[in-house]
Amino acid sequence: MADHKNHAEHAEAHLREKHLMLDPLPRGKMNEMVMESMTEKPTWKFWLVFAVLSVITAYGLFYSWGVMIAEGLGVAGVNRPAYWGIFLVNTVFWIGISHAGTFISAILRVFKAEFRRPFTRAAELMTTFGLVQAGFSIFMHMGRVWLSYWLMPYPNQRMLWPNFHSPLSWDLLAITTYLLSSTMYLFLPLIPDVAMARDRSTGWRKTFYKVLALGFRGTEGEWTHLRNAMNIFAFAIIPVMFSVHTIVSWDFAAAMRPGWNSTIFGPYFVVGALHSGMGAVIIVLAVIRSTMKHMKYFIRAEHFDAIGKLMLIISMTWAYFFFNDYMVQWYGGDKWTKQLFHFHEAGPLGWMWFAMLIFNVAIPWAILWNPKWRSTPWLVAVVGIFINIGMWFERYIIVPISLTINRMPFTWRLYEPGIEIPLGIGTLTFFILLYMAASKLIPLIPVWEVQEGQMAHELKKFGRETVVTVSELE
Amino acid sequence: MMATLSDLKISEVKLSGKEAGKWGMVIDQDICTGCQACVAACAMENNISFVGEEDAGYGRSMHWIRIERFWEGEYPEVKMTPNQPMMCQQCGQAPCEPVCPAFATVHSMAEELNLQVYNRCVGTRYCANNCPYQVRSFNWRDYERPEPLPNQLNPDVTVRRRGIMEKCTFCIQRIHRAQDQAKAEGREVVDGEFTTACAQACPASAITFGRTDDPASLVSQLMKRRSHGVKHLEELGTLPNVTYFKGG
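Trainee: What exactly am I supposed to notice about the overall build of chain A here?
Mentor: The helix and strand inventory of chain A stands at 18 helices and two strands. What you see for chain A is a C-alpha radius of gyration of 24 Å, in line with the 23 Å of a compact globule of 474 residues. Considered along the principal axes of its C-alpha atoms, chain A spans approximately 85 × 55 × 45 Å. In chain A, which comprises 474 residues, the share counted as buried stands at 43%.

See the structure below:
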């Protein structure tokens with residue numbers, strides 16, 4: 001008898017250790033932990049990284065861009081026939097990164113996936129900051145960026161409107177819509193947390209959170225309104241997310257170029273975006289787990305396991321779309337497409353094509369099938385890094401490499417990046433900088449969401465068996 | 001009576017698909033010597049920038065017309081293909097037009113040519129990507145004109161600055177000048193009264209320019225008399241207005 005009891009207790013302890021939702025802490029304690037992780041005095045290491053990244057951003061992004069605006073796009077490597085280069089690669093890449101934020105947060109919220117609770121905020125932040133970089137990349141790309149407002153439909157004396165036949169016009173509208181809606185979607189679940197922070201801080205922080213919290217006090221009525229708003233946004237942002245990357249894919253699919261004019265590009269791009277985005281989420285989670293205080297309590301192996309499964313499925317979906325895209329175009333037998341595919345695989349950058357397949361398919365499949373490896377944070381993060389490099393390669397192959405081959409062989413010419421490289425690195429460091437700053441300013445863990453989940457979960461005994469029950473919340 | 005499709009009067013939607021165009025060009029590759037006189041004449045007529053050694057070495061030299069030649073066959077049995085002057089084909093259904101988000105590349109109603117509105121261009125370079133003939137040039141920088149080149153700028157043509165796309169216009173300024181002259185004299189423009197800079201400069205008279213919608217014009221006569229004319233990449237449905245003769 002005692003043996004059975006011990007066994008049951010052991011199983012229960014094991015469950016609690018494994019699942020955040022079954023391992024509740026008192027409210028005050030948890031609030032304190034999140035406050036501490038945020039307000040903890042940054043170490044010299046933090047400042048060192050911050051300073052180095054600031055210097056790189058100042059040089060790579062702002063100075064280099066200034067030079068390019070003053071000198072013209074000649075300082076970049078874009079050239080005929082690759083009129084679009086790394087700028088567009090980075091635009092697509094950053095929009096891709098921003099996708100997983102919404103995917104994780106909105107889709108998992110709508111489907112009530114419980115493991116989402118501790119990291120929705122971290123993912124949503126990625127969406128907003130990634131879109132900022134995408135915006136930088138697309139504006140850098142323009143020859144006369146100071147006239148970029150002409151692409152906005154605004155009433156003017158001359159009755160000049162943007163061309164709504166052009167995918168680029170829709171691109172701008174879609175990205176703007178996504179940036180606005182994802183920022184609002186980031187802000188809504190943040191309100192209860194900044195209200196919590198407001199009540200637990202002093203000085204400038206108090207003023208800062210007071211403004212952000214919009215006077216939220218946590219009354220029944222306020223919660224009802226907030227829940228309604230979040231619900232509407234969670235449902236509404238999913239089609240927005242799908243449309244954004246589909247419209248990005250039209251920039252290519254609507255053009256009459258070999259390798260671009262493919263009807264499958266819409267879903268292929270959406271899946272590709274999720275692929276790189278999930279990889280980025282896992283990297284961010286691994287970093288904040290290992291660098292920030294108390295994060296090991298909130299972000300556990302189970303989360304890496306769950307996201308690892310998603311990554312594996314998305315990797316398979318990506319491979320499916322990739323196969324479809326290549327296979328059908330190759331089967332079509334168009335001589336220029338054939339030439340282009342030969343150039344993809346056997347051209348001077350053929351190694352990139354093979355690296356893409358290894359990083360996007362072979363490595364995730366080889367590692368993520370194993371639950372033990374999938375639950376090892378650093379290992380999944382390494383897979384995430386590989387996936388992101390692989391997906392960057394994929395966009396590089398689609399944009400400058402595919403542009404190299406066109407129907408006028410006289411103009412074929414390899415693309416050699418110039419100032420695009422510091423500019424691209426600048427967007428990456430700026431993204432990290434924004435994230436580092438945010439980690440010190442707003443609670444990275446949605447405390448109320450975790451507490452809500454913990455209240456809903458219960459361990460119940462049926463005979464000798466310990467069973468997890470979840471009560472319906474809304 | 002039943003209404004047919006052509007009865008619909010929607011100016012935006014082109015139902016006929018017959019954008020034959022007004023102006024056209026005929027190029028005889030058999031007599032083209034590849035002397036590049038057309039390239040030089042075009043650059044002078046249209047104020048095209050000289051990009052300098054470095055940018056030219058990277059393939060950024062701006063020409064609205066270029067002479068293409070290829071090697072055919074394997075060494076040692078190598079044959080040169082005939083010289084092929086390539087410029088904007090002034091497509092009736094131009095792929096560059098719908099993709100511009102700023103309406104900087106548009107079709108003109110009067111001349112039925114493909115226009116580039118320089119001061120509306122924001123430099124997305126989408127048109128250049130979508131041009132199957134790859135004949136658009138981009139101003140990658142503000143290129144300086146060393147003395148005495150500024151003295152030969154053509155006052156009829158805009159000087160372009162950095163960040164702007166440009167391309168062959170079929171010397172639209174010459175078309176306008178001829179039309180104005182004819183109007184002042186109360187007559188129609190006569191075929192052969194004027195021609196483009198490239199056609200004018202060609203010592204072999206390989207380039208002929210004129211009205212394709214006038215069956216009496218030299219261009220129409222040439223196209224009719226010699227039936228082996230080829231329009232490049234016609235299979236894409238671009239309805240190009242330049243006809244090439246090769247091996248006649």
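Alright, that's what it looks like, and here's the rest.
Trainee: Before we go on, may I ask you to explain the overall build of chain B in this structure?
Mentor: Secondary structure summary: chain B contains seven helices and 11 strands in total. Scaling as 2.2 N^0.38, a compact globule of 248 residues should have a C-alpha radius of gyration of about 18 Å, and chain B matches this with 19 Å. C-alpha atoms of chain B, sized along the principal axes, occupy 65 × 45 × 40 Å. Counting all 248 residues of chain B, 39% fall into the buried class. Within chain B, residue pairs in contact and separated by at least 24 positions form 61% of the contacts whose partners lie at least 6 positions apart.

Trainee: How should I be thinking about the environment of Asn130(B) in this particular structure?
Mentor: Relative to the assigned elements, Asn130(B) resides in helix 4 (residues 126-130). Distance from Asn130(B) to Thr208(B), taken between C-alpha atoms, is 27 Å for residues 78 residues apart in sequence. Residues within four places of Asn130(B) in sequence aside, it is in contact with Ala255(A), Met256(A), Pro95(B), Cys96(B) and Val99(B).

Trainee: Explanation requested: the pairing of strand 2 (residues 465-470) of chain A in the structure shown.
Mentor: Residues and elements named next belong to chain A. A small share of strand 2 lies buried, amounting to zero of its six residues. For strand 1 (residues 457-462) and strand 2, the ladder comprises six bridges, and the chain directions are antiparallel. Each bridged residue has a counterpart across the sheet, and for Glu-458 the counterpart in strand 2 is Thr-469. In sequence, strand 1 turns back onto strand 2 through a hairpin of two residues, with Gly-463 there showing a positive phi of about 65 degrees.

Trainee: What should I look at first to understand the interface of chain A and chain B in this one?
Mentor: The figure often quoted for interface size is the accessible area lost as the parts come together. Listed per partner, the contact involves 34 residues of chain A and 32 residues of chain B. Of all the elements, helix 6 (residues 167-187) of chain A adds the most residues to the side of chain A that touches chain B, at three residues. Looking at the side of chain A that touches chain B, its residues break down into 17 nonpolar, 11 polar and six charged.

Trainee: Just to check I follow, could you spell out the packing of helix 5 (residues 120-141) of chain A against helix 17 (residues 420-441) of chain A for this structure?
Mentor: Helix-helix packing is described using two parameters, namely the angle between the two axes and the distance between the axes. All names here are of chain A. For the pair helix 5 and helix 17, interaxial distance at closest approach is 10 Å and the crossing angle is 150 degrees. By the angle class used here, helix 5 and helix 17 are roughly antiparallel. The crossing of helix 5 and helix 17 is right-handed. Contact with helix 5, carried on its side by Leu-125, Phe-129, Gly-130, Val-132, Gln-133, Phe-136, Ser-137 and Met-140, involves Leu-423, Thr-427, Phe-430, Phe-431, Leu-434, Tyr-435 and Ala-438 of helix 17 and no other residues of that element. Residues of the contact of helix 5 with helix 17, tallied by class, amount to 11 nonpolar, four polar and no charged.

Trainee: Before we go on, may I ask you to explain helix 5 of chain A in this structure?
Mentor: An α-helical turn contains 3.6 residues, so any two residues separated by three or four positions project in the same direction. Over its 22 residues, helix 5 of chain A extends 32 Å from the first C-alpha to the last, a length consistent with the 32 Å expected when each residue adds 1.5 Å. When you tally the buried positions in helix 5 of chain A, you get 18 out of 22 residues, the bulk of the element.

Trainee: Would you mind going over the packing of helix 7 (residues 190-199) of chain A against helix 8 (residues 203-213) of chain A with me for this structure?
Mentor: Residue and element names in this part refer to chain A. Where helix 7 contacts helix 8, the two axes come as close as 8 Å, and the packing angle between them is 150 degrees. Regarding the angle of helix 7 to helix 8, the classification is roughly antiparallel. When the axes of helix 7 and helix 8 are compared, the crossing they make is left-handed. Contact residues: Ile-191, Val-194, Ala-195, Ala-197 and Arg-198 in helix 7; Lys-206, Tyr-209, Lys-210, Leu-212 and Ala-213 in helix 8. A class-by-class count of the residues in the contact of helix 7 with helix 8 yields seven nonpolar, no polar and three charged.

Trainee: Is there a simple way to explain unusual backbone geometry in this structure?
Mentor: With the exception of glycine, most residues fall at negative phi, and the peptide bonds are largely trans. All names here are of chain B. The peptide bond linking Tyr-75 to Pro-76 adopts the cis configuration, its omega dihedral lying at 5 degrees. Of the consecutive residues Glu-147 and Pro-148, the connecting peptide bond is found in the cis state with omega at 0 degrees. Inspection of the secondary structure puts Pro-148 in the loop between strand 8 (137-138) and strand 9 (165-166). In this model, Gln-36 sits at a positive phi of 70 degrees, which is unusual for a non-glycine residue. Of note, Gln-36 is situated in the loop between strand 1 (23-28) and helix 1 (37-45). With a phi close to 60 degrees, Phe-170 is a non-glycine residue in the positive phi region.

Trainee: Would you mind going over the nonpolar core with me for this structure?
Mentor: Side chains of nonpolar character tend, in soluble globular proteins, to be buried together. If you look at the biggest cluster of nonpolar residues, it comprises 163 residues, and the most contacted ones within it are Ile95(A), Ala100(A), Met126(A), Met278(A), Val281(A), Ile282(A) and Ile207(B). Among all residues touching Val281(A), those that are not within four sequence positions of it are Ala100(A), Ile104(A), Ala123(A), Met126(A) and Ile307(A).

Trainee: Explain the sheet that holds strand 1 of chain B here, please?
Mentor: Through backbone hydrogen bonds, the strands of a sheet pair up, either in parallel or in antiparallel fashion. Residues and elements named next belong to chain B. Spatial ordering of the open sheet is given by 10-1-11, a layout of three strands whose pairing is mixed. In the strand order of this sheet, the two ends are held by strand 10 (207-211) and strand 11 (242-245), each with one partner. Taken pair by pair, the neighbouring strands of this sheet meet at an average axis angle of 20 degrees, ignoring direction. Looking at chain direction, strand 1 and strand 11 are connected through four bridges and run parallel. Paired with Ile-27 across the bridge in strand 11 is Tyr-244. The sheet contacts of helix 7 (residues 218-225) involve strand 1, strand 10 and strand 11, and relative to strand 10 the element is tilted by about 115 degrees.

Trainee: Just to check I follow, could you spell out helix 1 of chain B for this structure?
Mentor: Residue and element names in this part refer to chain B. Within the sequence span of helix 1, burial applies to Cys-38, Val-39, Cys-42 and Glu-45. For helix 1, the arc enclosing every buried residue in end-on projection is 135 degrees, short of the 170-degree limit, so these residues lie on one face. Those residues of helix 1 hidden inside the fold are in contact with strand 2 (65-68), strand 5 (84-87), helix 6 (197-201) and strand 10. Where helix 1 terminates, the next one or two residues include Asn-47, which has phi positive at roughly 50 degrees.

Cut-off values and rules
Per-chain numbering applies: the sequence of each chain, read as written, is numbered from 1 onward. Numbering of ligands from 1 and lettering of chains from A proceed in the order in which they are written. Residues qualify for local features only when their pLDDT is at least 70, as the model is predicted, and side-chain atom pairs are given and counted only at 80 or more; totals for whole chains, interfaces and linings, by contrast, use all residues. Each helix is a run of H or I in the DSSP string that is no shorter than four residues. Each strand is a run of E no shorter than two, and both are numbered from the N terminus. Radius of gyration means the value over C-alpha atoms here, while the globule rule gives 2.2 Å times the residue count to the 0.38 power. With C-beta atoms placed from the backbone, a residue is labelled by how many other C-beta atoms lie within 10 Å of its own: buried for 20 or more, exposed for 12 or fewer, partly exposed between the two. In this description, any two residues whose backbone-derived C-beta atoms lie within 7 Å of each other are considered to be in contact. DSSP-based pairing: two strands are paired if at least 2 bridges between them are found. Charged residues are taken to be Asp, Glu, Lys and Arg, nonpolar residues to be Ala, Val, Leu, Ile, Met, Phe, Trp, Tyr, Cys and Pro, and polar residues to be all remaining types, Gly included. For helices, the fitted axis covers only the stretch in contact; all axes are lines through C-alpha atoms, and the angles between them, taken along N-to-C directions, range from 0 to 180 degrees. Any angle that is under 35 degrees is reported as roughly parallel, and any over 145 degrees as roughly antiparallel; angles of 65 to 115 degrees are reported as roughly perpendicular and all others as oblique. Crossing handedness is defined as follows: a turn of the near helix away from the far one that is anticlockwise and smaller than a right angle gives a left-handed crossing, while the clockwise case is right-handed. Multiply 1.5 Å by the residue count of a helix minus one, and that product is the helix's expected span. Among buried residues, those of type Ala, Val, Leu, Ile, Met, Phe, Trp, Tyr and Cys that are joined through C-beta atoms within 7 Å form a set called a nonpolar core. In this description, the arc belongs to the directions extending from the helix axis to the C-beta atoms.

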